[in-house]
Amino acid sequence: MIAIMPEAHAAMLAHARADAPREACGVLLGRDGMVKEAVPVANRAADPLHTFRLDERQYVAALYDGEQRGLGLIGFYHSHPQGLAIPSQTDIAQSHYPDALHVIVGLVGDSLLTVWRLRHGAAEQVDWVMGSAPPELRESRMQTTAIVISAVVAFIILIVLSVALLPPAPRLPMP
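Note that the structure is a prediction, hence the values are computed from the model and not measured.

Under the counting rule described, the total for this entry stands at five salt bridges. When the shortest N-O distance is used, the salt bridge between arginine 69 and aspartate 65 registers 3.0 Å. The partly exposed category is assigned to aspartate 65, whose relative accessible area is 39%. For arginine 119, the salt bridge identified is with aspartate 99, shortest N-O distance 3.8 Å.

Have a look at this one:
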């Protein structure tokens, strides 16, 4: 599960609509399972109506700028102006970042945004939420807190039991 901030979602949709009928593309920056920014990058593909290729200089500049602000590469986005928000065989074949997420904006009918993990010649759809953090990240933080509290309580119980089970101190001879 990934969270997409509303501003990043709106930026991807606006970019896709503005660049139609060409495919729009860009970089997704964020951290902790959250897409905070969608940075538009020029499409330098030979056939931008049917495919995309990120402008290398803009891509590197976006990564550098994001890194300076504490944001890392979450993935990429591109649009299908004449198609659905599902990866094409070209999208899958040209994916070279197996750990990156790929957001596709389909502009046929209602604009639809889907998230994919493209690796090893296959596409796997990823659930996403609009907002600040995916529910499982919030749960894992709560789980971590519960584990730490449990460990502290267990340590205190261990100390109390150890002291309770100690044999009585030997009597010291009186002079």
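Further remarks concern helix 2 (residues 56-68). A rise of 1.5 Å per residue sets the reference length of helix 2, with its 13 residues, at 18 Å; its end C-alpha atoms lie 18 Å apart and thus fit the reference within 8%. Restricting attention to buried positions, one finds in helix 2 the residues Tyr59, Ala62 and Gly66. Axial view of helix 2: buried residues confined to an arc of 65°, hence all on one face. Turned more than 90 degrees off the buried face of helix 2, the exposed positions are Arg57, Tyr64, Glu67 and Gln68. In this fold, the buried residues of helix 2 make contact with strand 2 (25-31), strand 3 (34-41) and strand 4 (72-80). Positive phi appears at glycine 70, one or two residues downstream of helix 2, with a value of about 80°.

Our next topic: the layout of surface pockets. In this structure, the largest pocket encloses a volume near 430 Å³. Lining of the largest pocket is provided by 18 residues; of these, Phe52, Arg53, Leu54, Gln94 and His96 occupy positions nearest its centre. Taken together, the residues of the lining of the largest pocket sort by class into eight nonpolar, seven polar and three charged.

As a further point, take a nonpolar patch on the surface. A cluster of nonpolar side chains, contributed by Val148, Val152, Phe155, Ile156, Leu158, Ile159, Val160, Val163 and Leu166, occupies part of the molecular surface with about 870 Å² of accessible area. Mapped onto the secondary structure, isoleucine 156 falls in helix 4 (residues 135-165).

We now examine the side chain of asparagine 43. Here asparagine 43 is to be found in the loop between strand 3 and helix 2. At a separation of 3.1 Å, a polar atom in the side chain of asparagine 43 contacts the main-chain carbonyl oxygen of threonine 51. Ignoring any residue separated from it by four or fewer positions in sequence, one finds asparagine 43 in contact with Arg22, Glu23, Cys25, Pro48, Thr51, Phe52 and Arg53.

The next thing to look at is the sheet that holds strand 6 (residues 112-119). Ordered by their spatial adjacency, eight strands build an open sheet running 7-6-5-4-2-3-1-8, and the pairing between neighbours is mixed. Lying at the two open borders of the sheet, with one neighbouring strand each, are strand 7 (122-126) and strand 8 (128-130). Within the sheet, the average angular offset between the axes of one strand and its neighbour, ignoring direction, is 35°. As paired elements, strand 2 and strand 3 share seven bridges and run antiparallel to each other. Bridging from a neighbouring strand, glycine 30 pairs with valine 35 of strand 3. In the packing of helix 1 (residues 6-19) onto the sheet, contacts are made with strand 1 (2-4), strand 2, strand 3, strand 4, strand 5 (101-106), strand 6 and strand 8, and the angle to strand 3 comes to roughly 25°. Helix 2 rests against strand 2, strand 3 and strand 4 of the sheet, and its axis sits at about 15° to strand 2.

Our focus in this paragraph is helix 1. The terminal C-alpha atoms of helix 1, which comprises 14 residues, lie 20 Å apart, in line with the 20 Å expected from a rise of 1.5 Å per residue. Taken residue by residue, helix 1 has Ala8, His9, Met12, Leu13, His15 and Ala16 as its buried positions. Within helix 1, the buried residues cover an arc of 160° as seen down the axis, which keeps them to one side. Summarising the geometry of helix 1, the exposed residues directed more than 90 degrees from the buried face are Glu7 and Ala18.

Scoring rules and cut-offs
- Residues numbered from 1 in each chain as written.
- Predicted model: local features only at pLDDT ≥ 70, side-chain atom pairs only at ≥ 80, totals over all residues.
- Heavy atoms only, no water.
- Salt bridge = Lys/Arg side-chain N within 4 Å of Asp/Glu carboxyl O.
- Buried < 20%, exposed > 50% of the residue type's maximum accessible area, 1.4 Å probe, protein only.
- Helix = DSSP H or I, 4+ residues; strand = E, 2+ residues; numbered from the N terminus.
- Expected span 1.5 Å × (residues − 1).
- Arc of directions from axis to C-beta.
- Contact = heavy atoms within 4.5 Å.
- 1 Å grid on protein atoms, 1.4 Å probe; cavity = no way out; pocket = protein on both sides within 12 Å on 5 of 7 lines; lining within 4 Å.
- Points joined across faces, edges and corners; volume = space filled by probe spheres on them.
- Nonpolar A, V, L, I, M, F, W, Y, C, P; charged D, E, K, R; others polar.
- Patch = residues over 30% accessible without salt bridge, like charges linked within 9 Å, V, L, I, M, F, W, Y side chains within 5 Å.
- Areas by Shrake-Rupley, 256 points an atom, 1.4 Å probe, with all protein chains shown as cover.
- Polar contact = N/O pair within 3.5 Å; in protein donor to acceptor, adjacent residues only side chain to side chain.
- Pairing = 2+ DSSP bridges.
- Axes fitted to C-alpha atoms, helices over the stretch in contact; angles between N-to-C directions.

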